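# Understanding the architecture of this molecule
Below are the chains, spelled out letter by letter.
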Amino acid sequence: MNTILITGGAGFVGATLALGLKASRPEARVVALDNLKRRGAELNLPRLKAGGVEFVHGDIRQEADLAEAGPADLLIECSAEPSVLAGYGGSPRYVIDTNLAGTINCLEHARQHGSAVIFLSTSRVYPIAALSALQYHETETRLDLEPAQALPGASGAGIAESFPLEGARSLYGATKLASELILAEYGAMYGLRTIVNRCGVLTGPWQMGKADQGVVVLWAARHHFGGALKYIGYGGSGKQVRDVLHIDDLLRLIEVQIDRLDDLSGHTFNVGGGREVSVSLQELTALCREHTGKTITIASEAETRQADVPVYITDNARITEATGWRPAKSVDDIVADIARWLRDEENSLQSILA
Ligand SMILES: NC(=O)c1ccc[n+]([C@@H]2O[C@H](COP(=O)([O-])OP(=O)(O)OC[C@H]3O[C@@H](n4cnc5c(N)ncnc54)[C@H](O)[C@@H]3O)[C@@H](O)[C@H]2O)c1
């Protein structure tokens, strides 16, 4: 891989991958393209520069901007409007134009230059009604999946790739699934090598967490800087559960996928923390208190919001079987890392996360 182009390369995932890949392949040219729409993405620009990553201020909705970034052997598509709430109560334009039309521009760029493509998709491709119909029971601190589930692809280990896809899933999830379908056609018709990673919650230092995206950082930042938080839905006790994956664990996987592009090409993988690395909001509060040393009051609202699901756990069986990869960092490691980063970068993060 002589040249790697990372779209959304100033975002949380994009910048971490760009810096990590440049560090492990100093001879490679790594280019990060980003329109800096996400607040806080600008904080990554000096980091990218210091790490030897070239930055192109560009928009994937504009083919000319991609052309300016130039040809690449590998394109990693990390740009997105990543909020599951995007489009609710307003225009769906931005999320459709970026997450679908913009991704197609990226694929066209890849087709023209023969680039391989790794696409960052999401667990949100799975429909909300089906996820909400999962069987679970309540423990003292969380909702826990039953070992036996009625739907295919679901078990106590979580959601596998064979989970049903029929039903609504949010515009965010729909634009990602539509992009996956087009990507598969580019693979079949033009011979592009492609890998799709359907990621659950990703987190770690340098995520600019906000209410509708990046909940782990939001939770830790509110503890660190002070502020309001609320358990919303499912009775308001904070028992909803997500698996979480440290961004360093994702970087490790992307390294493996780059090395094995030929035999992993054409495959779709669910990628997440899995059952072992999962947490409820209530449990997350306890960890944030421990690692920031601060306690804040958390309000409660019983009513469940649109597009929310009670439990999501990634079943990593397919990716682990294919590559041997599995997450290494625990939820405790993750919160500790984030709390340390908040302390170390307090001054620069104040205006974004406080
Ligand atoms: N963070 C997660 O929990 C998570 C989970 C599953 C999937 N993903 C996927 O991973 C990818 C990266 O997400 P992230 O968490 O880094 O989000 P992020 O918001 O931090 O990064 C996305 C970047 O894309 C940029 N961007 C937005 N619109 C653009 C456009 N039209 N042209 C160019 N750049 C544009 C933003 O400025 C931002 O820097 C996304 O595709 C997202 O859907 C993230």
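Residues numbered from 1 in each chain as written. Predicted model: local features only at pLDDT ≥ 70, side-chain atom pairs only at ≥ 80, totals over all residues. Heavy atoms only, no water.

### A closer look at the overall build of the protein
From N to C terminus, the protein includes 13 helices and 17 strands. A globule of 354 residues ought to have a C-alpha radius of gyration of about 20 Å, and the protein, at 19 Å, matches this closely. With respect to the principal axes defined by its C-alpha atoms, the protein has extents near 55 × 50 × 40 Å. Sorting the 354 residues of the protein into buried and exposed places 56% on the buried side. Long-range pairs, those at least 24 residues apart, make up 81% of the contacts in the protein between residues at least 6 apart in sequence. (Helix = DSSP H or I, 4+ residues; strand = E, 2+ residues; numbered from the N terminus. Rg over C-alpha atoms; globule rule 2.2 N^0.38 Å. Buried < 20%, exposed > 50% of the residue type's maximum accessible area, 1.4 Å probe, protein only. Contact = heavy atoms within 4.5 Å.)

### A few points about the pairing of strand E13 (residues 241–246)
With six of six residues buried, E13 lies mostly within the body of the structure. Residues of E13 alternate between two faces, with Val241, Asp243 and Leu245 on one and Arg242, Val244 and His246 on the opposite face, all of them buried. In this structure, E13 lies alongside strand E15 (residues 278–280), joined through three bridges in antiparallel fashion. Paired with Arg242 across the bridge in E15 is Val279. Judged from the two bridges that link them, E13 and strand E17 (residues 311–312) form a sheet pairing that is parallel. When the sheet's bridge partners are listed, Val241 is paired in E17 with Val311. (Pairing = 2+ DSSP bridges.)

### What about the pattern of salt bridges?
According to the stated counting rule, one finds 22 salt bridges in the structure shown. One salt bridge connects Glu108 with Arg111, and the closest N-O pair in it is separated by 2.8 Å. Taken together, the residues span about one helical turn, with Glu108 and Arg111 both in helix H4 (residues 93–113) at a distance of three residues. Classification of Glu108 as buried rests on a relative accessible area of 18%. For Arg111, a relative accessible area of 33% gives the class partly exposed. For the salt bridge of Glu138 with Lys239, the shortest nitrogen-to-oxygen distance reads 3.0 Å. Taken together, the residues Glu138 in strand E6 (residues 136–138) and Lys239 in the loop between strand E12 (229–232) and E13 connect sequence positions 101 residues apart. In this structure, a network of salt bridges that share partners links the residues Asp248, Lys329, Asp337 and Arg340. (Salt bridge = Lys/Arg side-chain N within 4 Å of Asp/Glu carboxyl O.)

### As for the packing of helix H7 (residues 215–225) against helix H10 (residues 281–292)
Where H7 meets H10, the axes come as close as 9 Å, and the angle between the chain directions of the two elements is 45 degrees. Put simply, H7 runs oblique to H10. The handedness of the crossing between H7 and H10 comes out as right-handed. Side by side, H7 and H10 meet where Val215, Val216, Trp219, Ala220, His223 and His224 of the first sit next to Leu281, Leu284, Thr285, Cys288, Arg289 and Thr292 of the second. In terms of residue class, the contact of H7 with H10 is built from seven nonpolar, four polar and one charged. (Axes fitted to C-alpha atoms, helices over the stretch in contact; angles between N-to-C directions. Parallel < 35°, antiparallel > 145°, perpendicular 65-115°, else oblique. Left-handed = near helix turned anticlockwise from the far one by under 90°. Nonpolar A, V, L, I, M, F, W, Y, C, P; charged D, E, K, R; others polar.)

### Quick notes on the state of the cysteines
Between two cysteines, a covalent bond joining their sulfur atoms is known as a disulfide. Within this structure, the stated rule accounts for zero disulfides. Here Cys78 is not disulfide-linked; the sulfur of Cys199 is the nearest cysteine sulfur, at 8.9 Å. The exposure class assigned to Cys199 is buried, which follows from its relative accessible area of 4%. (Disulfide = S-S within 2.5 Å.)

### Quick look at the side chain of Glu77
Among the secondary structure elements, Glu77 is positioned in strand E4 (residues 74–77). No salt bridge is formed by the buried Glu77; the nearest opposite charge belongs to Lys176, separated by 5.5 Å. For Glu77, the side chain forms a polar contact with the side chain of Ser79, separated by 2.6 Å. Looking at Glu77, its side chain comes within polar contact range of the side chain of Thr103, at 2.8 Å. If near-sequence neighbours (up to four positions away) are discounted, Glu77 is found in contact with Thr7, Ile60, Thr103, Cys106, Ile118, Phe119 and Leu120. (Lys, Arg positive; Asp, Glu negative; His and termini not counted. Polar contact = N/O pair within 3.5 Å; in protein donor to acceptor, adjacent residues only side chain to side chain.)

### Some remarks on the site of the ligand
With respect to spatial proximity, 31 residues lie near the ligand, and among them Asp34, Arg38, Tyr94, Tyr172 and Lys176 are the closest. Contacts to the ligand include Asp34, whose side-chain N or O atom sits 2.7 Å from an oxygen atom. Within the backbone of Leu202, an N or O atom sits 2.9 Å from an oxygen atom of the ligand. When the free accessible area of the ligand is taken as 820 Å², the share hidden by the protein chains comes to 96%. Taken together, the elements giving at least two residues each to the shell around the ligand come down to helix H1 (12–24), H4, strand E5 (116–122), helix H6 (170–190) and strand E11 (201–203). Of the residues contributing to the shell around the ligand, the split by class is 15 nonpolar, ten polar and six charged. (Near = heavy atom within 4 Å. Areas by Shrake-Rupley, 256 points an atom, 1.4 Å probe, with all protein chains shown as cover.)

### A look at the environment of Lys37
Structurally, Lys37 can be placed in the loop between strand E2 (29–34) and helix H2 (44–50). Setting aside chain neighbours within four positions, we find Lys37 in contact with Glu81 and Tyr94.

### Observations regarding the sheet that holds strand E10 (residues 194–199)
As summarised here, the arrangement of the seven strands in space is E3-E2-E1-E4-E5-E10-E14, forming an open sheet in which the pairing is parallel. Among the strands making up the open sheet, the edge pair consists of strand E3 (54–57) and strand E14 (267–271). For this sheet the average axis-to-axis angle between neighbouring strands, irrespective of direction, equals 20 degrees. Note: strand E1 (residues 3–7) against E4, four bridges, orientation parallel.

### Some thoughts on the packing of aromatic side chains
All told, the structure shown has four aromatic pairs when counted by the stated rule. With a centroid separation of 5.8 Å and 90 degrees between ring planes, the pair formed by Tyr126 and Phe163 is classed as edge-to-face. Here Tyr126 is found in the loop between E5 and helix H5 (128–132), whereas its partner Phe163 is found in the loop between strand E9 (158–159) and H6, with 37 residues between them in sequence. Judged on exposure class, the residue Tyr126 and its partner Phe163 are both buried. Taking 5.7 Å as the distance between ring centres and 55 degrees as the angle between the ring planes, the aromatic pair formed by Trp206 and Trp341 counts as tilted. With Trp206 in the loop between E11 and H7 and Trp341 in helix H12 (residues 331–344), this residue pair connects regions lying 135 residues apart in the sequence. (Phe/Tyr/Trp six-rings, centres within 6.5 Å; stacked < 30°, edge-to-face > 60°.)

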